[in-house]
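A structural walkthrough
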Amino acid sequence: MAGFLIKDTTVEERKKIVEESLGNIDASCDGCMAGLAEMYEAYIRGEKEIREINMEFNARYVRGDMDKEEKMSCVM
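Residues numbered from 1 in each chain as written. Predicted model: local features only at pLDDT ≥ 70, side-chain atom pairs only at ≥ 80, totals over all residues. Heavy atoms only, no water.

1. Some words on the overall build of the protein
Secondary structure summary: the protein contains four helices and zero strands in total. Secondary structure elements in the protein, listed N-terminal to C-terminal, are α-α-α-α. Taking all 76 residues of the protein together, 26% fall into the buried category. Counting contacts in the protein only where the partners sit at least 6 residues apart, residues at least 24 apart contribute 36% of the total. For the protein, the computed accessible surface area is about 5,500 Å², with 52% contributed by carbon and sulfur atoms. (Helix = DSSP H or I, 4+ residues; strand = E, 2+ residues; numbered from the N terminus. Buried < 20%, exposed > 50% of the residue type's maximum accessible area, 1.4 Å probe, protein only. Contact = heavy atoms within 4.5 Å. Areas by Shrake-Rupley, 256 points an atom, 1.4 Å probe, with all protein chains shown as cover.)

Take a look at the structure:
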């Protein structure tokens, strides 16, 4: 695998990247990983780069939008 960019990876490789990065992607231990895994579905499908997803998530903290309807944070 050449890199992490969508153009350099297959769907299977992107899924593996997310799984390896997050660890327990099945959320069987504490209930938090399912939400994080869902956050990266756009990357796995080839719609957004990891950098874009992370920037959007972090921008919510800067703007103070974490209490809005479409939360992407852990509910725990």
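2. Describing the nonpolar core
One recurring pattern in soluble globular proteins: nonpolar side chains tend to sit buried together. Of all hydrophobic cores here, the largest spans ten residues; its members are Ile6, Ile17, Val18, Met39, Tyr40, Ala42, Tyr43, Ile44, Ile53 and Phe57. Listed by contribution, the elements that provide at least two residues to this core are helix H1 (11-22), helix H3 (41-44) and helix H4 (50-63). With residues near it in sequence (within four places) discarded, Tyr40 still touches Val18, Leu22, Ile50, Ile53 and Asn54. (Core = buried A, V, L, I, M, F, W, Y, C linked by side-chain atoms within 4.5 Å.)

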